[in-house]
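Results of the structural survey
The primary structure of each chain is shown beneath.
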Protein chains: 2
Amino acid sequence: MARTGRPRSFDRESALDAAMRLFWLQGYEATTVSQLAAAMGKLSSASFYAAFGSKEILFREILERYEAIHGQALAPLSDTTLPPREAVERALRASVRMQTAPDLPTGCLVALGASGWSEHNAALAACVAETRARNRASFSACVDRAVAVGDLDPESNTAALGLMFDTVLLGLSIEARDRLPRAQLEEVVAVTMRLWDSFAPQGRAAATRG
Amino acid sequence: MARTGRPRSFDRESALDAAMRLFWLQGYEATTVSQLAAAMGKLSSASFYAAFGSKEILFREILERYEAIHGQALAPLSDTTLPPREAVERALRASVRMQTAPDLPTGCLVALGASGWSEHNAALAACVAETRARNRASFSACVDRAVAVGDLDPESNTAALGLMFDTVLLGLSIEARDRLPRAQLEEVVAVTMRLWDSFAPQGRAAATRG
DNA sequence: AGACTTATGAAGTGATCATTCCATAAATCT
DNA sequence: AGATTTATGGAATGATCACTTCATAAGTCT
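Below you will find a few notes about this structure.

Rules behind the numbers
- Residues numbered from 1 in each chain as written.
- Chains lettered and ligands numbered in written order.
- Predicted model: local features only at pLDDT ≥ 70, side-chain atom pairs only at ≥ 80, totals over all residues.
- Heavy atoms only, no water.
- Near = heavy atom within 4 Å.
- Polar contact = N/O pair within 3.5 Å; in protein donor to acceptor, adjacent residues only side chain to side chain.
- Helix = DSSP H or I, 4+ residues; strand = E, 2+ residues; numbered from the N terminus.
- Nonpolar A, V, L, I, M, F, W, Y, C, P; charged D, E, K, R; others polar.
- Contact = heavy atoms within 4.5 Å.
- Buried area = accessible area lost by both parts, 1.4 Å probe.
- Salt bridge = Lys/Arg side-chain N within 4 Å of Asp/Glu carboxyl O.

**Here's the deal with the protein's contact with DNA strand C**
- Taken together, 25 residues lie near DNA strand C, and A:R6, A:S9, B:T32, B:V33 and B:Y49 sit nearest.
- A:S47 places a side-chain nitrogen or oxygen 2.9 Å from a phosphate oxygen of DNA strand C.
- B:Y49 has a polar side-chain atom sitting 2.9 Å from a phosphate oxygen of DNA strand C.
- When contributions to the surface near DNA strand C are tallied by element, the ones reaching two or more residues are α3 (45-52) of chain A together with α2 (33-39) and α3 (45-52) of chain B.
- The greatest single-element share of the surface near DNA strand C, amounting to three residues, is contributed by α3(B).
- For the surface near DNA strand C, the residue count by class is seven nonpolar, 12 polar and six charged.

Next up, the structure:
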């Protein structure tokens, strides 16, 4: 701390938050460096590049930051102390709340980042796609765990069920972006959890023993 | 037909198809007029503007064309001669096939068109959003019809069920864009239809009397 | 105080953006 | 044939793109 040289005149963290907001709202390609610099505190072009490297490098940092902060909504999926059904429900509900928070852009940056990429930025688009793939794998792992524990019937198509949760989460992002009210999206989550119950052994709901 | 003046040297229809492909693949903002003109048959800039007006006007025409051609996957939803359950399943399955067709861009132009818009093109983005809203309404109407006919239990949350189908369809678009194999997406549809059955009266599946 | 380090403001880079102009080409109409 | 109409190729428009250069400002270090 207290490094040598002239101190920067803006707060780097809040500048990152402003940048995240823009990328989240508009996507990578539709967001210009001028917009970014302005929103991040009326930075000069020189300050922007000195502090963040380039638009692409900034986006990569933002993506990491997004995962670290807002991606935590899906953390329950990896929490093996939670009963799998509760893990899935908590993840979906937390994500819906995040995606419809009044002070943040609607939808999920990672989900909505699936489109709007030209060939020129294919590498960066792939980076976001990998994040989606990891989320997908988390849902599947959680379902697998449920089967292992006996909470889901191994005879049913559990692979499809895992993918189904991912599908719903992604779809909710577009609906959140379309400004559907939070309550409606929460009802979709409730309906989705009914589906889990219909996959439970003996056709009965696995108790949420959390 | 056979109007006066020099005839154009390219086929307008196939030029439109090439433009649709680009917009579908990259989105509106990430697609440049140079890319369009090149893909549409190495048109000169002058020819492009003479024939299609502007990038925005072209996109509006493409959107209409997309709905007329590929949007027909959802036509079963409005076909009241079909049992509602079959209508939904046919629509979902036809859309998955369309979204994973080997000779077309993956995913749905309308669904993936939810992101990548800067403030400057808000009007155009709203146009695509309206299309999504119409599709949403079609699913709901189909579910309402099922309730009216007695195929779904009116006591259950049928509004959420209608929205659920829309959610799944939108989510499938992102997964198709992520190149998930068609078979997996079809399994998601199968799982989704199980959900319908769990909403049926007496907890039993409504027969597909089609 | 003076060397050193980092940040800033202003101006400018070439490239590309969507779009237009204009002379000419290629068809139909009288 | 000549007038009219539409399309084309090529060059050019100003705006904006991501990014750089550079002199100067504002700190810490010895």
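Alright, that's what it looks like, and here's the rest.
**Let's talk about the interface of chain A and chain B**
- Opposite the 41 residues of chain A that make contact, chain B presents 41 residues.
- Together, A:I174, A:V191 and A:R194 form the three largest contributors to the area buried by chain A at its contact with chain B, with a combined 16%.
- The tally of links between chain A and chain B comes to four salt bridges.
- Joining chain A to chain B, the criterion identifies 13 residue pairs in polar contact (both at pLDDT 80 or more).
- No other element matches helix α8 (residues 158-177) of chain A, which puts 13 residues into the side of chain A that touches chain B.
- Of the residues contributing to the side of chain A that touches chain B, the split by class is 20 nonpolar, 11 polar and 10 charged.

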